[in-house]
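# Close look at the chain arrangement
Here are the chains, one letter per residue:
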Amino acid sequence: MTDTADRPAALVTGAATRLGREFALALADMGYDIALHYNSSATEAETTAAELRTRGSDAEPLQCDLSRHQDLPGLMERALARFPRLGVLVNSASRYVAGNLASTRPETVYAQLAVNLVAPMELMRVFAASVDAGCVVNIIDNKVAYAQYDYAAYLLSKKSLAEATRMAALEYAPRIRVNGLSPGVVMPMSSRTADYLRWRLDGIPLKRQGKPEHLCHALRYLVENDFVTGQILTVDGGEGMFQVGRHSENYPAAR
Ligand SMILES: NC(=O)c1ccc[n+]([C@@H]2O[C@H](COP(=O)([O-])OP(=O)(O)OC[C@H]3O[C@@H](n4cnc5c(N)ncnc54)[C@H](OP(=O)(O)O)[C@@H]3O)[C@@H](O)[C@H]2O)c1
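Residues numbered from 1 in each chain as written. Predicted model: local features only at pLDDT ≥ 70, side-chain atom pairs only at ≥ 80, totals over all residues. Heavy atoms only, no water.

Quick look at the environment of tyrosine 172 now. The residue tyrosine 172 is located in helix α5 (residues 152-172) in this model. C-alpha of tyrosine 172 to C-alpha of alanine 129: the two residues are 43 residues apart in sequence and 9.5 Å apart in space. Residues in contact with tyrosine 172, not counting those within four places in the same chain, are Met124, Arg125 and Ala128. (Helix = DSSP H or I, 4+ residues; strand = E, 2+ residues; numbered from the N terminus. Contact = heavy atoms within 4.5 Å.)

Next comes the structure, spelled out in structure tokens:
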């Protein structure tokens, strides 16, 4: 293993489990050491850190509840103290609470915004203030192309994060590049049934579920292409553009 002082490092939020873990492993394969943020998944964070070390990376689990915004500068300080060559921030942690607009109360909206929008904004702010140059990838969601979704507060938080990504790309240029990555159906919640998944995949132009490596491929592109900023890269088999409206040729009176 190269000495930590010589290796670039990345802070990945929500990296103990699921997709955040995959992003951390992909960055390790790209030669990064990992500041591995987690909140409640302490055991999984240790397991993922051990896996990262077997791949030749140094890894340090760092606990933080991202809804405690006053703690976020401290999280960045801990990451930088451990990995002075920190140059990548991946905001992957998120809350995902069901409810359409009619059933969503203000406290749910605030809770979703706190983790999914305000925390990435604050982490981008302290990151940009702490490093000479770097790159941020905000993990969004292909559903930002939709206006109807049964996770209304979540969707609003992700739509806002997409806008914050573009705004940050302008404000923090030229030192910091900021891009978004919007996954489609890749790692559904374990509660989703096989029937639900079949129905969902049938609505995807490419007719299949994505794999974590599809997202990691996109992450690699965003991290390594240093002429790309302010972009939201959607990796979803085309699902996000598959909204069928009504067309004039189908209007009976127009025939
Ligand atoms: N899975 C998919 O197919 C899919 C599709 C579209 C978009 N996405 C997006 O991709 C990203 C990763 O997806 P995922 O399914 O892996 O996410 P997830 O399992 O729903 O959540 C990822 C992590 O977020 C962390 N988190 C939640 N609340 C937190 C808080 N208050 N403070 C700190 N951390 C908190 C949790 O960490 P702890 O476990 O340590 O508490 C959790 O492990 C998310 O941004 C998601 O919106 C995923």
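That shown, we press on.
Once that is clear, we can look at the site of the ligand. In the region of the ligand, 26 residues are neighbours, and Asn39, Ser40, Ser41, Tyr154 and Lys158 sit closest. Within the backbone of leucine 66, a nitrogen or oxygen atom sits 2.8 Å from a nitrogen atom of the ligand. Here an oxygen atom of the ligand sits 2.6 Å away from a polar atom, N or O, in the side chain of tyrosine 154. Protein contact buries 86% of the 890 Å² of open area that the ligand shows by itself. When contributions to the shell around the ligand are tallied by element, the ones reaching two or more residues are α1 (18-29), β2 (33-38) and α5. (Near = heavy atom within 4 Å. Polar contact = N/O pair within 3.5 Å; in protein donor to acceptor, adjacent residues only side chain to side chain. Areas by Shrake-Rupley, 256 points an atom, 1.4 Å probe, with all protein chains shown as cover.)

Looking now at the sheet that holds strand β1 (residues 9-12). Within a sheet, neighbouring strands are paired by backbone hydrogen bonds and run either parallel or antiparallel to one another. Read from one edge of the open sheet, seven strands run β3-β2-β1-β4-β5-β6-β7, paired in parallel fashion. The sheet terminates laterally at β3 (59-63) and β7 (232-235), the two strands that pair on one side only. Strand-to-strand twist across the sheet, computed as the mean angle between neighbouring axes with direction ignored, equals 20°. With six bridges connecting them, strand β5 (residues 134-139) and strand β6 (residues 176-183) associate as parallel partners. Opposite isoleucine 139, over in β6, you have leucine 181 as the bridge partner. Relative to β6, α5 is tilted by about 160°, and along the sheet it contacts β5, β6 and β7. (Pairing = 2+ DSSP bridges. Axes fitted to C-alpha atoms, helices over the stretch in contact; angles between N-to-C directions.)

Once that is clear, we can look at the packing of aromatic side chains. The relation between two aromatic rings is expressed through the spacing of the ring centres and the mutual angle of the planes. In the structure shown here, the tally under the stated rule is three aromatic pairs. Centroid distance tyrosine 96 to tyrosine 154: 4.7 Å. Interplanar angle 80°. Geometry classified as edge-to-face. With tyrosine 96 in the loop between β4 (86-91) and α4 (106-130) and tyrosine 154 in helix α5, this pair connects stretches of sequence that are 58 residues apart. For tyrosine 96, a relative accessible area of 31% translates into the label partly exposed. Connected via pairs of aromatic rings, a cluster forms that spans Tyr96, Tyr151 and Tyr154. Looking at lysine 143, its charged tip hangs above the ring of tyrosine 146, at a distance of 5.2 Å from the centre. Taking the ring centre of tyrosine 196 as reference, the NZ or CZ of arginine 192 above it sits at 4.7 Å. (Phe/Tyr/Trp six-rings, centres within 6.5 Å; stacked < 30°, edge-to-face > 60°. Buried < 20%, exposed > 50% of the residue type's maximum accessible area, 1.4 Å probe, protein only. Lys NZ or Arg CZ within 6 Å of the ring centre and 35° of its normal.)

What follows concerns the pattern of salt bridges. Enumeration according to the criterion identifies 13 salt bridges in this entry. Put simply, arginine 82 and glutamate 60 hold a salt bridge, and the shortest N to O gap is 2.8 Å. Residue arginine 82 is found in helix α3 (residues 72-82), and its partner glutamate 60 is found in strand β3; the two are separated by 22 residues along the sequence. For arginine 82, a relative accessible area of 30% puts it in the partly exposed group. (Salt bridge = Lys/Arg side-chain N within 4 Å of Asp/Glu carboxyl O.)

The next subject is the nonpolar core. In this structure, Phe23, Leu27, Ile34, Val90, Val137, Leu181 and Val223 are the most contacted members of the largest nonpolar core, which totals 35 residues. Among the secondary structure elements, those contributing two or more residues to this core are β1, α1, β2, α2 (42-54), β4, β5 and α7 (212-224). Broken down by element, this core gets its largest block of residues, seven residues, from α1. Ignoring anything within four residues of it in the chain, the contact list for valine 90 reads Leu11, Val12, Thr13, Phe23, Leu27, Val137, Ile139 and Leu219. Formed by 28 residues, the second largest nonpolar core is a distinct cluster that contains Leu72, Leu123, Met124 and Val131. (Core = buried A, V, L, I, M, F, W, Y, C linked by side-chain atoms within 4.5 Å.)

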